[in-house]
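# Examination of the molecular architecture
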Amino acid sequence: MDTTGAQRRALVVEDEPAIRELVRFHLDLGGYAVEEVADGLRALERIRATPFDVILLDVMLPGLDGISVCRALRLDTRNQRTPVLMMTARDGETDTVIGLESGADDYLTKPFGVRELMARVTAITRRHGRTADTSTTPIDVVSARDVTVDRQRRRARVRGSDIELTRQEFDLLDLFISRPGVVFSRAALLQQVWSDDAFVTERTVDAVVSRLRRKIERDPADPELLLTAWGVGYKFADGSD
Ligand code: CA
């Protein structure tokens, strides 16, 4: 597991005992030393006191909600960069978007399966491990669903063929492919891809998405990769769609 010998630490913040116990049990099996708390204020205390390797955070919590906890921990030095997996009660995509904008790395909608839980934990901790270590092993190539993005060369391949992308198209594709299944609002995309440009609007996002679809989809009118989340934004297909 961990070659340094130090056991990885996980914090589970969840007020429903059955879910907390389930998550704890499986993280424990996965080799984590697990701490559990049942309310937001207590979570924040632990987060301020101890560095964790991963934090699983329920949204609806007594004391302080998970979104606020997440915002606060991103300002906190000990767990500023710790990967956070949000657990949302509803399939409310708005919650998801707010959760990600608050600094969470990914989310799970309850009820979730154990296999999915552990896959997400592995994905966010691995991603974190790579980005935390960019000086030696930059994460260069990311693939999903027949699409490959090479960050160093800023090249993309779809179904085996190179495609030409503008800077914005590339940045957008890179962002989506890094988080398959995650819904990004237009506002979030503007912030992430066009952060230094004050003159773009949400229509710009739609325009670049449709250009990107013409380059990566078999049928741009019936997208299979870059999907619309109605009323919310866009996401990259993760196979569950
Ligand atoms: Ca709850």
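So, here's what we can say about the structure. Keep in mind that what you see is a predicted model, and the values were worked out from it rather than measured.

## Some words on the sheet that holds strand S4 (residues 84–88)
The parallel open sheet is built from five strands, whose spatial order is S2-S1-S3-S4-S5. At either margin of the open sheet sits one strand with a lone partner, and together these are strand S2 (33–37) and strand S5 (106–109). When strand polarity is set aside, the average angle formed by the axes of neighbouring strands in this sheet is 20°. Packing of helix H3 (residues 66–75) onto the sheet brings it into contact with strand S3 (54–58) and S4, and relative to S4 it is tilted by some 170°.

## Remarks on the coordination of the calcium ion
Geometry reference: four tetrahedral donors at a metal, ideal angle 109.5 degrees. Six octahedral donors, ideal angles 90 or 180 degrees. At the metal site, the calcium ion is ligated by Asp15 (OD), Asp58 (OD) and Met60 (O), and these contacts range over 2.1 to 2.3 Å. Coordination of the calcium ion draws on donor residues from a single chain, spaced D-x42-D-x1-M in sequence. Taken together, the residues Asp15 in the loop between strand S1 (9–13) and helix H1 (17–29) and Met60 in the loop between S3 and H3 connect sequence positions 45 residues apart.

## What about the pairing of strand S7 (residues 147–150)?
Pairing analysis gives four bridges linking strand S6 (residues 141–144) to S7, with the strands arranged antiparallel. Of the residues in S7, the one forming a bridge with Val141 is Asp150. Relative to strand S8 (residues 155–158), S7 runs antiparallel, the two being bridged by four bridges. Of the residues in S8, the one forming a bridge with Thr148 is Arg157. A loop of four residues connects S7 with S8, the two strands running antiparallel in sequence, and Arg154 in this loop sits at a positive phi of about 50°.

## Focus: the sheet that holds S6
The strand order across the open sheet built from four strands is S6-S7-S8-S9, with neighbouring strands paired in antiparallel fashion. Single-partner strands in this sheet number two, and they are S6 and strand S9 (161–163). Shown here is a sheet whose adjacent strand axes are inclined to one another by a mean of 25°, direction ignored. Where helix H6 (residues 167–178) meets the sheet, its contacts fall on S6, S7 and S8, and the angle it forms with S7 comes to roughly 115°.

About the thresholds
Residues numbered from 1 in each chain as written. Predicted model: local features only at pLDDT ≥ 70, side-chain atom pairs only at ≥ 80, totals over all residues. Heavy atoms only, no water. Pairing = 2+ DSSP bridges. Helix = DSSP H or I, 4+ residues; strand = E, 2+ residues; numbered from the N terminus. Axes fitted to C-alpha atoms, helices over the stretch in contact; angles between N-to-C directions. Contact = heavy atoms within 4.5 Å. Donors = N, O, S within 2.8 Å, 3.2 Å for Na, K, Ca; no water.

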